Amino acid sequence: MAPLTHTRQRVSSVDRFDEVEAALRKRDGVAQAAVVPHEDGTGQRRLVAYVVPEAPDADVTRHVEMWRAIYDDMYGDTGPDTTPGIGDDFTGWNSSYTREPIPLPEMRRWRAAMVERVRGLRARRVLEIGVGSGLLLGPLAPETEVYWGTDFSEPVVERLRAQVAGDPRLKDKVTLRCQPADVADGLPAEYFDTVLLNSVAQYFPDAAYLSDVLDSALRRLAPGGRIVVGDIRNHGTLREFLTAVHHAQRPDAEPSAVRAAVARAARRETELHLDPGFFTEWADAHHDVVAVDVRLKPGPDTNELTRHRYEVVLHKGPGGPTRLADVPTVVWGSDVHRTSAIEAELARHGGPFRLTRIPNARLVGEAAECGVPATEPGTPLDPHALRTWGEEHGRTVLCTWSAEAPGWFEAVITPEEPTAEDGTHRYDGVYRPLDTRSRPLANAPAASRRASKLPAVLRRELAVELPGHQVPDEIVVLARMPLTARGEIDRAALPEPARTGDDEGNRT
């Protein structure tokens, strides 16, 4: 990186940065660029460039093939004598913290939560994209009229086909196809009432790929159907998660070393992490999507699956949803200090209300490790404990992320009994997004290898083309640019460049 000496003079000599931005935009691998001056803590000013990398088709293909090879290898060597029954194979579900298999009882409870959610939707004609070893197919398919499953791994599909053929409950109603998630060949249009993508989105190369898959899934749905996307990794808590993983594996590491390691891990992350606002933004672009229901992953166990993951149901019209975005709000720790006061709030409002700014007890420890201070006086609360309170008191509690801070959650509490959904009861607005133009909604796994090297490559290339005073002192990689209401780059919303302990700047 260029030294900061005389940076104030250098920046002031550049009245416009159009030439620098144009030089960046024509570089291979750069989709967007913005250049602004920043002042550091010593009063020195330096030129900072922000770039959004593009993911060439080759990167997307390479990413998909990487995961296909992993799953082909994982399931390709199992023989009939060693293959668990349909729905009983949890191979590969290892803890990121310990690298050991997640305890089987926890995995069964994780699976049971999704099975219960789908059963509540009364799914009869199901398409599961990324069927895997049949963890959902096993318990759900016997209860349906038809169950289609696709997967990109041929060994996975062939093994599942053999199992289905030997099960008289399934052989006449299950159809399996080997094809990637973004390929809809052979899948009937406007036929299924439910399309499932459970614990597969994290293996997609980027958010654009997921958008294409959702677009295709929407076309497979009959009117009134829904897409269920489960086990989504939250982009907002990625830094806290990576910090906790590093602490678990290297408990004696120095704070500066942890920060540098987490920055490198974020740049090289190979799994897709999504802000809940991605789904509300996608739905806004599709007029036939009438409801978006985002909820925290439920369950009594405290592990990475319940800390950092969530699920979404996207409802296709026609039909009107129960809209919850504008119900009255009550602040935890200010208006309400304990769960025993919730009944009084229900009586006061005469209907549903939203409990906001609740510190998520499952994330408090990881946030502290990451250096995130507590900003609200409210006592941390476990979402499962709040849901349990609702069940005990005959109230429905819908827990979701808070868009204000990743360590908080919100809960919409209604006076109704917590009953299974009947497929027609649709909630919209459980999650309330902020302006999604001002922040990244996802990382870009397919471009991660290229993006991690991009700043150094760009600085070398710009040094050949531009005068020294126009070469940025720092290059920050973003997943996307913040935009104004007019769709222009919002330069005031560009993040402060962060020192990570190495030469590469990167923000996802």
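Residues numbered from 1 in each chain as written. Predicted model: local features only at pLDDT ≥ 70, side-chain atom pairs only at ≥ 80, totals over all residues. Heavy atoms only, no water.

Considering the side chain of Asp293
No. 1: Here Asp293 shows up in strand E9 (residues 289-296).
No. 2: A distance of 3.2 Å separates a polar atom in the side chain of Asp293 from a polar atom in the side chain of Arg117.
No. 3: Filtering out sequence-adjacent residues up to four positions away, Asp293 remains in contact with Arg117, Glu311, Val312, Val313, Tyr427 and Val430. (Helix = DSSP H or I, 4+ residues; strand = E, 2+ residues; numbered from the N terminus. Polar contact = N/O pair within 3.5 Å; in protein donor to acceptor, adjacent residues only side chain to side chain. Contact = heavy atoms within 4.5 Å.)

Considering the sheet that holds strand E14 (residues 396-401)
No. 1: Strand order in the open sheet formed by four strands is E12-E13-E15-E14, with mixed pairing between adjacent strands. One side of each edge strand has no neighbouring strand; the edge strands of this open sheet are strand E12 (329-331) and E14. Across the sheet, the mean angle from the axis of one strand to that of its neighbour is 25°, orientation sign disregarded.
No. 2: As judged from the six bridges shared by E14 and strand E15 (residues 408-414), these two strands associate in the antiparallel manner. Bridging across to E15, Thr400 finds its partner in Glu410.
No. 3: Against the sheet, helix H12 (residues 342-349) contacts E12, strand E13 (353-359) and E15, and its axis sits at roughly 145° relative to E13.
No. 4: Sitting on the sheet, helix H14 (residues 383-393) touches E13, E14 and E15, and the angle it makes with E14 is about 160°. (Pairing = 2+ DSSP bridges. Axes fitted to C-alpha atoms, helices over the stretch in contact; angles between N-to-C directions.)

Observations regarding the pattern of salt bridges
No. 1: Counted according to the given criterion, the structure contains 31 salt bridges.
No. 2: Note that Glu410 is salt-bridged to Arg354, the shortest N-O span being 3.1 Å. Here Arg354 lies in strand E13 and Glu410 lies in strand E15, a separation of 56 residues in the sequence. An identical accessibility class is assigned to Glu410 and Arg354; each is buried.
No. 3: Through salt bridges with shared partners, a single network forms among Arg117, Asp293, Arg295, Lys297 and Glu311. (Salt bridge = Lys/Arg side-chain N within 4 Å of Asp/Glu carboxyl O. Buried < 20%, exposed > 50% of the residue type's maximum accessible area, 1.4 Å probe, protein only.)

Regarding the packing of aromatic side chains
No. 1: Evaluated as defined, the whole model comprises twelve aromatic pairs.
No. 2: Against the face of Tyr191 rests Arg125, its NZ or CZ located 5.4 Å from the ring centre. (Phe/Tyr/Trp six-rings, centres within 6.5 Å; stacked < 30°, edge-to-face > 60°. Lys NZ or Arg CZ within 6 Å of the ring centre and 35° of its normal.)

What to know about a positive patch on the surface
No. 1: A cluster of basic residues, Arg264, Arg268, Arg449 and Lys453, forms a positive patch on the protein surface.
No. 2: If you trace the backbone, Arg264 turns up in helix H9 (residues 255-267). (Patch = residues over 30% accessible without salt bridge, like charges linked within 9 Å, V, L, I, M, F, W, Y side chains within 5 Å. Areas by Shrake-Rupley, 256 points an atom, 1.4 Å probe, with all protein chains shown as cover. Lys, Arg positive; Asp, Glu negative; His and termini not counted. Charge placed at Lys NZ, Arg CZ, Asp CG, Glu CD.)

Observations concerning the packing of helix H8 (residues 238-249) against H9
No. 1: One way to put it is that H8 packs onto H9 with a least axis distance of 9 Å and a crossing angle of 125°. When the axis of H8 is compared with that of H9, the two are oblique. Handedness of the H8/H9 crossing: right-handed. Here Arg239, Leu242, Thr243, His246 and His247 of H8 come into contact with H9, specifically with Val258, Ala261, Val262, Ala265 and Ala266. (Parallel < 35°, antiparallel > 145°, perpendicular 65-115°, else oblique. Left-handed = near helix turned anticlockwise from the far one by under 90°.)

A word on helix H3 (residues 57-76)
Every α-helical turn comprises 3.6 residues, leaving residues that sit three or four positions apart pointing alike.
No. 1: End to end, H3 covers 27 Å across 20 residues, agreeing with the expected 28 Å (1.5 Å per residue, within 8%).
No. 2: Each element contacted by the buried residues of H3 is listed here: helix H6 (154-165), helix H7 (207-220) and helix H15 (448-465). (Expected span 1.5 Å × (residues − 1).)

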